[in-house]
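This is what each chain is made of:
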Amino acid sequence: MSAYLDRLNAAQREAVEATDGPVLVLAGAGTGKTRVLTTRFAHILLTRRAFPSQILAVTFTNKAAREMRERVASLLGQPAEGLWLGTFHALAARMLRRHAERVDRTSNFSILDPDDQLRLLKQVMEARRMDTRRFTPQGLMSTIQRWKDRALLPDSVPGDQDIDWGAESARDLYAAYQDRLRALNAMDFGDLLLLATDLLKRDPEVLADYHRRFRYILVDEYQDTNLVQYYWLRLLAQAHKNICCVGDDDQSIYSWRGAEIENILRFETDFPGAKIVRLEANYRSTAPILAAASGLIAHNEGRLGKTLHPGRNDAEGERVEVLGFWDSDEESRFVAGRIEALRRDAHKLAECAVLVRAGFQTRAFEERFIAIGMPYRIVGGLRFYERAEIRDAIAYLRVLAQPADDLAFERIVNVPKRGLGDTALRTIHERSRADGVPLAEAAARIAAAGTLRGRARDGLRDLLAGFAAWRETLRRDGHVTALATLLDESGYVAMWQDQKSPDAAGRLENLKELVRALADFETLEGFLDHVALVMDNDNEADDDKVFLMTLHAAKGLEFDTVFLPGWEEGVFPNQRSLDEGGAKSLEEERRLAYVGITRARQRAIISHCANRRIYANWQSSVPSRFIEELPEDSISVGGSAALAREQRLAAPPVFAAATPLLARRGADEWNTQARPPRADKIAPGTRVFHQKFGYGIVLDTDDDRLDIEFDSAGEKRVLDRFVERA
Ligand code: ATP
Ligand code: MG
């Protein structure tokens, strides 16, 4: 008996040894599905059934591919070469490069990123004189993407699924877009699988070649495949049917990207007699973690149904902690503090992960980690202050604070587009050099002199008038209102609102989070200094770092300690799933929660905040329904001192400031002008409590500012909204 098989239980071994014929492993989180796949890979090689290059192995992320390569190498005792191992997209791209001429490309074809895709589609629409403001390229792009996910080329889109896009048919525009891609020797992301599948379908010679080549096919995270990926697999497996897919219907979290859980059912139909293996022992998590996750997911109706029991012999463990905090500041302090404590106990930072529902949530943690010098890494995304929309907004603020900031001015002068393209910018640069003045000043002179014409002239005039007005807002209403106003009035928010691309919503959330962050600072300059320091803080040398990522990015991974913050209605489950009202999107949110909890080996810490700031105002929030759904005997409930305090206070004055924001131009959430004056003026001499600085005595008042002598923080000027009577 080979040693590597000894590391498997009976069911796992059965799945590994059933090398020939179709196999479907359906099992819950942490039951060793990925281990089965990796071992199967090694088993095929070690029993000389195939060479490494004759196995096609599909993973969901590049990270998973890397891990699989390492696992196989360690099982074999040497690095395996010539592997076809990677994500669907990477594998399809490789296939297409080998046969580029058969899909009307040359082998060096380029793969467009989402920005390029949109630009190209927009060109196609503009060439047809379409109104791209009313019928946006973004909306059309997502329709095309969905067709591609379902393996539909322009010719094969059924007539009754076509839609009108302005005066045109979406299908015709799709065809024109594909023509442009071909002419440019390019493809978009969705084309990779689409064209690879089409190639295999059309070209028996190529198909036969791959049938000879790939004797075995292995697929991880099968529950998240979409239709075109399924067709691609089915074509490749058709001849020998040696295909093994592993997945968990409870972890299907990509339906918004076209993933179809029905692929599990299709498998049994298309591969009759497929061997179905179920794994039930979870080797990853302690018993309480498992009980919490199982109890939660039991609330979903649409399930294939599985049992899961602890497989570790040390499965006894700490209960899942459910903690309430006053606000996200306190929450992130707690998380960072707990990680510090673990580190002192000789735990590795890289064994701790903070998993958030939405990208904007990383900010509070990043700030805290940076403040205390805790190394962290963000997986599958940029650090908060590096995100494009945040840099744009900060560039606006920099110009506001410092009109001579040329870099910032250049970044935003034509974002959103206001007719100030390369030509106009060159004119401004020339004037700036000639007169020896900053770009903004040169722009003002050009505007005054009437040098520019048409759209450029109007655009520049509006921008300069805007900055004059926002400086006035800054002076009169403070920096928080100034930022919210300028994002709105500059058209920057509208630019993202007009985009229907999947990431636009996340960018808007990030912008809101930025406005919230600004409220933590007394002055705009203070904030900009802070950002400059934060941006400068990257200690890449250190490899032991806390992981910070979204739940989506965490699929398939595991950590000793997992923090799951922000479990509040409207954050998680997110607002969209609540607005839609259907059970379907709520169930997907619940699966995401299940994925989150099951990433933990030793401890899982779920938290929620009682208050979230909406701009400068506070709103109380309700703990996530998912918390209610956790079995009571698997959790321990705790919370912060501040929160306990809050619960004793009948109606904390801080809520008095949380009034509905005025609706305006479809961007109601952007209007912070409606900030109401505090109803109960606090007189000098009053003893108060401030969320950040603690207790103190009011010395003086000035409009909505208070000068306070704090017991420990000394004298400070603060906004009265953050203060309550002690
Ligand atoms: P997920 O659904 O989250 O992707 P999975 O089913 O792929 O999980 P794995 O990641 O393969 O699960 O395994 C979970 C953990 O359990 C890993 O640390 C793995 O090494 C360990 N494990 C798997 N099978 C066994 C076994 N038979 N004995 C001991 N440990 C095991
Ligand atoms: Mg796995």
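What you are looking at is a predicted structure, and each value in this text was computed from that prediction instead of being measured.

Take the overall build of the protein next. Helices and strands together make up the secondary structure of the protein, namely 28 helices and 26 strands. Expected size for 726 residues packed as a compact globule is a radius of gyration near 27 Å; at 28 Å, the protein falls within 12% of this value. In terms of overall dimensions, the protein has a C-alpha envelope of 80 × 65 × 50 Å along the principal axes. The buried share of the protein, reckoned over its 726 residues, is 43%. For the protein, the proportion of contacts with a sequence separation of at least 24, taken over those separated by at least 6, is 73%.

Compared with an ideal rise of 1.5 Å per residue, which puts 14 residues at 20 Å, helix 8 (residues 170-183) spans 20 Å between its outermost C-alpha atoms and is within 8% of the ideal. Burial in helix 8 covers these residues: Ala-170, Arg-171, Leu-173, Tyr-174, Tyr-177, Gln-178 and Leu-181. The arc that holds every buried residue of helix 8, seen down its axis, measures 155 degrees, which confines them to one face. Exposed side of helix 8, more than 90 degrees from the buried face: Asp-179 and Ala-183 are the residues found there. In this structure, the buried side of helix 8 is in contact with helix 6 (114-127), helix 7 (137-149), strand 5 (164-165), strand 6 (168-169), strand 7 (186-187) and helix 9 (189-202). Looking at the residues trailing helix 8, positive phi occurs at Asn-185, about 55 degrees.

The sheet built from seven strands is open, its strands ordered 15-16-14-17-18-13-21 with parallel pairing. Whereas interior strands pair on both sides, the edge strands pair on one side only; in this sheet they are strand 15 (376-378) and strand 21 (635-639). Taken over all neighbouring pairs, the strand axes of this sheet differ in orientation by 20 degrees on average, direction set aside. In this structure, strand 13 (residues 320-325) lies alongside strand 18 (residues 600-609), joined through five bridges in parallel fashion. Across the sheet, Leu-323 pairs through a bridge with Ser-607, a residue of strand 18.

On to the site of ligand 1, then. The full set close to ligand 1 counts 19 residues, and Gly-32, Lys-33, Thr-34, Arg-35 and Tyr-283 are the nearest of them. In terms of residues, the shell around ligand 1 owes the most to one element, helix 3 (residues 33-46), which gives three residues. Here the residues of the shell around ligand 1 sort into four nonpolar, nine polar and six charged.

Per the UniProt record, "binding site: ATP" (unreviewed entry) is found at Ala-27, Gly-28, Ala-29, Gly-30, Thr-31, Gly-32, Lys-33 and Thr-34. For Ala-29, the position within the fold is in the loop between strand 1 (23-27) and helix 3. Judged by C-beta crowding, with 25 C-beta atoms within 10 Å, Ala-29 ranks as buried. When sequence neighbours within four positions are dropped, the list of residues in contact with Ala-29 reads Asp-248, Gln-251, Asn-282, Ala-293 and Thr-598.

What follows concerns the packing of helix 6 against helix 7. Running from N to C, helix 6 and helix 7 point in directions that differ by 110 degrees, and their axes come no closer than 9 Å. By the criterion of interaxial angle, the relationship of helix 6 to helix 7 is roughly perpendicular. Residues Gln-117, Leu-118, Leu-121, Lys-122 and Met-125 of helix 6 lie in contact with helix 7, whose contacting residues are Pro-137, Gln-138, Leu-140 and Met-141. Looking at the contact of helix 6 with helix 7, its residues break down into six nonpolar, two polar and one charged.

Glancing now at the confidence of the model for the protein. Looking at the protein, the pLDDT average stands at 86 and 91% of residues meet or exceed 70. In this model, residues 648-677 is a region of pLDDT below 50 whose contacts with residues beyond four sequence positions or in other chains number 50 contacts. Among the scores for the predicted complex, ipTM is 0.99 and pTM is 0.77.

Of note, the bond from Val-415 into Pro-416 is cis; its omega dihedral lies within 30 degrees of zero at 0 degrees. Its place among the elements puts Pro-416 in the loop between helix 17 (406-412) and helix 18 (422-435). A cis geometry characterises the amide bond from Phe-572 onward to Pro-573, with omega recorded as 5 degrees. Within the secondary structure layout, Pro-573 lies in the loop between strand 17 (559-564) and helix 25 (575-580). The backbone of Glu-221 sits at a positive phi, close to 50 degrees, despite the residue not being glycine.

On to the nonpolar core, then. Counting 77 residues, the largest nonpolar core has Val-25, Ala-92, Ala-196, Ile-217, Leu-218 and Leu-236 as its most contacted members. Here this core gets eight residues from one element, more than from any other, and that element is helix 11 (residues 227-237). Not counting the four nearest positions on each side in its chain, Leu-218 is found in contact with Leu-37, Arg-40, Phe-41, Ile-55, Ala-57, Val-58 and Cys-244. Counting residues in hydrophobic clusters, the runner-up holds 56 residues, among them Tyr-376, Val-595, Ala-604 and Ile-606.

The next thing to look at is the environment of Gly-166. Tracing the sequence through the fold places Gly-166 in the loop between strand 5 and strand 6. Sequence-distant contacts of Gly-166, that is, excluding residues within four places in its chain, are made with Met-130, Asp-131, Arg-134 and Phe-135.

The next thing to look at is the sheet that holds strand 8 (residues 216-219). Strand order in this open sheet of six strands is 3-2-8-9-1-10, and the pairing throughout is parallel. Every other strand in the sheet has two partners, leaving strand 3 (84-87) and strand 10 (275-279) as the edge strands with one partner each. On average, adjacent strands in this sheet sit at an angle of 15 degrees to one another, irrespective of strand direction. Judged from the four bridges that link them, strand 2 (residues 55-59) and strand 3 form a sheet pairing that is parallel. The residue of strand 3 that forms the bridge with Ala-57 is Leu-85. Of the strands in this sheet, strand 2, strand 8 and strand 9 (243-247) are in contact with helix 11, which crosses strand 8 at around 155 degrees.

What counts as what
Residues numbered from 1 in each chain as written. Chains lettered and ligands numbered in written order. Predicted model: local features only at pLDDT ≥ 70, side-chain atom pairs only at ≥ 80, totals over all residues. Helix = DSSP H or I, 4+ residues; strand = E, 2+ residues; numbered from the N terminus. Rg over C-alpha atoms; globule rule 2.2 N^0.38 Å. Buried ≥ 20, exposed ≤ 12 C-beta atoms within 10 Å, placed from the backbone. Contact = placed C-beta atoms within 7 Å. Expected span 1.5 Å × (residues − 1). Arc of directions from axis to C-beta. Pairing = 2+ DSSP bridges. Axes fitted to C-alpha atoms, helices over the stretch in contact; angles between N-to-C directions. Near = placed C-beta within 6 Å. Nonpolar A, V, L, I, M, F, W, Y, C, P; charged D, E, K, R; others polar. UniProt positions renumbered as here; feature names shortened; annotations may be inferred. Parallel < 35°, antiparallel > 145°, perpendicular 65-115°, else oblique. pLDDT = per-residue confidence, 0-100. Core = buried A, V, L, I, M, F, W, Y, C linked by C-beta atoms within 7 Å.

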